[in-house]
Each structure stands twice: as structure tokens, then as C-alpha cells.
Amino acid sequence: MIKKENIKLQTPKGMRDLIGEEYYRYQGFFEKASEVAIYYGFQPIETPILESESLFYHSIGAHTDIIEKELYALRTKGGDRLALRPEGTVPIMRAYFEHGLQSQPQPIMLYYHGPFFRHDNPQKGRYREFRQFGLEVMGSGKSITDALVIRLVSTILTEAGLPDLAIEINSIGDRDCRPIWRRELVNYYRKHAKDICADCRERLKDNPLRLLDCKNPKCQPIKAEAPSVISYLCVPCKQHFKEVLECLEAMKITYTINNNLVRGLDYYSRTVFEVSLPATDTEPGLALAGGGRYDYLARALGGKKPLPAVGAAIGADRVLATPGVANLLPRLVKKPKVFFIQLGSEAKMRSLSVIEILRHARIPVAHSLSKDSLSTQLGIAEKTNIPYAMILGQKEVIDGTVIVRDMRTRSQDVVTLDDLADYLKSLKG
Ligand code: HAM
């Protein structure tokens, strides 16, 4: 039994409410990103916030931070083991199979947005609940699809007012060449085991590719001399990587090759990329978006045939916290330009019908229906800075009219209910 004294009126750590202008900024960003995706032929998808816990283990990787430390896993009262989704790619691949999308013309191109959950230590740009906009192209191994995804991420960030972010890109090879590079990396790091940090000693055992992610100054000289993936890529992987880079160049997308970029999820093969804010003297670089190819994920989830795929996700919270980001307001939100005031019981009863007439005419109204006095309602109207007030009193109910008052000039007009919508539309906002 949870005691009433223990109720805390605050969001859980690392999570927050979106309210007021901030809500609209998120909505505006997702609308703009969705619009870009739709123009490029993507279709929307929404998957549940909860998935079966087992889905993530053999896909994201049992020895990744996301699974080892950050997964919100729970047992339901019915005994099911579920997890709050830490990312979107694996659930979408699950949906691809569940809905038999392999029988449709390939590739399947989907976009999504929503909240994701990782139980990390909250800090700047790192939350326990965060929001992503993601893109997945499933059913093609062609380099043009890698370029398409990178292009879209770049376009969306440009539309969000962040045009000059550098894209780092790498190829981490496939199942033929990556094991050879991995073995060399392990051999090399074993020789330096006593000189690396404790975290890297763990990574050496469980997830050696992540050794290249280490930011500890102690490990940097060792990392600098580590075997580079580029020397181990097989001919098809080299060719694929070359083609992706050529596509980016043809589109004039600036990139930097970073052979230490490996990403934090196990499902990647070949192309990986990240778009980051540059590091400053005081702050480390922050990834605004990341993605890559995941040609073996379908097999890891039990798929019978290979399903090459590529995708990316943009961290909306980080984008919207970036200085200089555009204020993308949603299209659907209309700020009311008229405040509805009612006087007397007849008018109060009629008021919802009047609001309904205006809804049909797509005119949103603000109001304070629970208040009775004219001065109180006018006072509220003034505080809201809404330019017009619309007054419905006893007389107006009988006449089938309303008084429309310009709150700035105080001039008034009597308008019939039949003409009201057109009259309000003609007013300047
Ligand atoms: P990810 O790199 O883990 O990739 O996340 C993508 C983006 O989400 C990051 O670049 C970052 O902006 C944002 N993000 C991640 N964790 C947090 C957090 N704790 N707080 C705030 N923002 C965060 C994926 O999730 C892959 N599913 C992307 C992908 C799609 N790969 C292929 N398809």
C-alpha cells in the first residue's frame, strides 16, 4: 500500500512535461520532419511504447550500455516481461515481420516519432525519457538508400535552422571482414591491457568495438595507434562505402570520415554515421542524430531471409535545445483571436452552440464560461491579449446577434449569428 504522504507532485527523474510554447515547438519540429519524410516517399508508423523485453536482447546487444544499464524492464501483473522501448529500429523491424511487409514491394520506408526511455544518469542533453524522429528503409542494401537517409537527416536539421552541422561517417564492415578487424583490435588492446582504463578492460572482454568510443585521456594514445577498420574492409564493403560517399558528394553534403565511429548498438554493419554539435572547451560534442545500416538485424530477430536495411534517428530534445534552432510552429495550432463573453443564464446556455458554429467555420475561441460577471470576463480577456471580444447577453440571445468589440480601440459592432463567422474571418488578427 502506497501512503498518501509519499505522493510526489513531480515527474520522475530525467523526465518532464511538455506544456505551452514548448509543446508547440516539439509539435512543429515533428510536423516539419514528417513533411520532409513524406515528400521523400516515407509512410508513418507508430509502435507501442512497451515491447516484449526479449526483443531487445539479441538485437541491440546484451553487452551494450542500453541493455546492461539503461533498459526499463518490468514484469506485468500477468507475469509478462516487458520493456519501455529504448529506441525505434528494433520495434519497427518487429512490426515489419508481424505485418508481413516483406510481401509488399521493397524497400519499405517508414518514419516515426515519439518518446523513448533509457535509464541513464540525467545530464545536459541526456534524459531518461527523450523524443526521437526516426526513419527506416527496409529491404534494400543499395548505397543510395544510405545516402537517402543521410540526406533526409541533413535536410530536416537544415529546416530546423541548423544547416552547418558536420556529419561523421564510417564503415564498420560486414560479417566477412569485421571479425578479422575485431580480432586484430582485440590482439592489439590485449597487449596494452595494463595501460587502458577499467571501462576499456571491460569493453575488451564484452564489446571490443566500443573501445574506440573511449574518451578517457589515458586511453587516447593507445586508441590513436589501434588497427583502423578501413584497412580491413573487404572489397564489397569498400565499394559500398565509396558509393555512399560519392552520393553525398554529388548532393554537396559535407562529411568527415571518422574511423573510430562505431555507435552504441550492436545491430550495425557497413555504414554508420552521426551528426553532432562540435565540442567546445567546456562541453563535449553532442550527437543530435545517428544511424546506419543494419543488414543482420532481421536475422538476429529470427527472420528467415536476409533483409538489408538502413535508418537513422534524430534526438528532438537535443535539436530543440540547440542555440539558433528555428521556432517551427505547428500548422494546426491557431491562436484564438476572439474571446467569448456571456452574460446571463440564457446566454450561458446558448454559448456552446455559438462555439460550435465557430468550430464549423474553423475559428477557435477562448472563453471563461465558468465566470458570470462582465468585468471579470473582460479582465481575463485583457490578460490574454486576445484582440477581440465577442459578447452575448440577454438581448443578443433574443435578437440572434453578438457584440464584437475591438479590445485595442474599444469600438464595437453588432453582428448577427448568421454573419458572425464571415465577420470574424475578416478581422485582422
Ligand atoms: P541513438 O544514437 O541511440 O540511435 O539515438 C539517436 C539520437 O537520439 C541521438 O543522436 C541523440 O540525439 C538522441 N538520444 C539518444 N539517447 C538520448 C538521451 N538519453 N537523451 C536525449 N537524447 C538522446 C538510435 O536510437 C537508433 N535507433 C538510430 C537508428 C535508426 N539507427 C538505424 N535506424
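A. The arrangement of the sheet that holds strand S9 (residues 269–277) in detail. Read across the open sheet, the eight strands follow the order S1-S5-S6-S11-S10-S9-S7-S8; overall the sheet is mixed. Single-partner strands in this sheet number two, and they are strand S1 (43–44) and strand S8 (255–257). The sheet contact formed by S9 and strand S10 (residues 286–293) spans seven bridges and is antiparallel. Counterpart to Ser269 in the pairing with S10 is Arg293. Contacting strand S7 (166–171), S8, S9 and S10, helix H9 (residues 235–250) runs over the sheet at an angle of about 165° to S7.

B. Broad picture of the site of the ligand. Around the ligand, a shell composed of 25 residues is seen, among which Glu87, Glu136, Arg263, Tyr268 and Ala287 lie nearest. A distance of 3.4 Å separates a nitrogen atom of the ligand from a polar side-chain atom of Arg318. Protein coverage of the free-state accessible area of the ligand, which is 660 Å², stands at 96%. Those elements that place two or more of their residues in the shell around the ligand are strand S6 (129–138), S10 and strand S11 (309–315). Of all the elements, S10 adds the most residues to the shell around the ligand, at six residues. Residues that form the shell around the ligand fall into these classes: eleven nonpolar, eight polar and six charged.

C. Just the packing of aromatic side chains, in detail. For the structure shown, the criterion picks out eleven aromatic pairs. Ring centres of Phe116 and Phe130 lie 6.4 Å apart, and the angle between their planes is 35°; this geometry places the pair in the tilted category. One end of the pair, Phe116, is in strand S5 (residues 108–117); the other, Phe130, is in strand S6, and 14 residues separate them in sequence. The pair Phe116 / Phe130 is uniform in exposure class, with both members buried. What links up through ring pairs into an aromatic cluster is the set Tyr26, Phe29 and Phe30. Positioned above the aromatic ring of Phe116, the side-chain terminus of Arg85 is 4.2 Å from the ring centre. The ring of Tyr26 carries Arg131 above its face, with NZ or CZ at 5.4 Å from the centroid.

About the criteria used
- Counting starts from 1 at the beginning of each chain's written sequence and moves along it residue by residue.
- Reporting in this predicted model follows two pLDDT cut-offs: at least 70 for local features of residues, and 80 or more for side-chain atom pairs to be given and counted; totals over whole chains, interfaces and linings ignore these cut-offs and use all residues.
- Just so you know, side-chain values use all the structure's heavy atoms and leave hydrogens and water out.
- If DSSP finds at least two bridges between two strands, the strands pair.
- Working definition: helices are DSSP H or I runs of at least four residues, strands are E runs of at least two. Numbering for both runs from the N terminus.
- Any pair of residues with heavy atoms lying within 4.5 Å of one another is described as a contacting pair.
- Only the stretch in contact is used when a helix axis is fitted, and all axes are lines through C-alpha atoms; the angle between N-to-C directions ranges over 0 to 180 degrees.
- By convention in these notes, a residue is near a molecule or strand provided one of its non-hydrogen atoms lies within 4 Å of it.
- Nitrogen and oxygen atoms within 3.5 Å of one another constitute a polar contact, given that in protein one can donate a hydrogen and the other can accept it, and given that sequence-neighbouring residues count only through two side-chain atoms.
- Shrake-Rupley sampling with a 1.4 Å probe provides the accessible areas, and residues are treated as covered by the protein chains on show and by no other component.
- Side-chain classes follow a simple rule in which Ala, Val, Leu, Ile, Met, Phe, Trp, Tyr, Cys and Pro form the nonpolar group, Asp, Glu, Lys and Arg form the charged group, and the remainder, Gly included, forms the polar group.
- For Phe, Tyr and Trp, where Trp contributes only its six-membered ring, two rings pair if their centres lie within 6.5 Å, and the inter-plane angle classes them as stacked under 30 degrees, edge-to-face over 60, or tilted in between.
- Exposed residues in this analysis have more than 50% of their type's maximum accessible area, buried residues have under 20%, and partly exposed residues fall in between, with area computed by a 1.4 Å probe over protein chains only.
- Charge-over-ring placement is defined geometrically: NZ (Lys) or CZ (Arg) within 6 Å of the ring centre, and within 35 degrees of the ring normal.

This is a description of form; function is not addressed.
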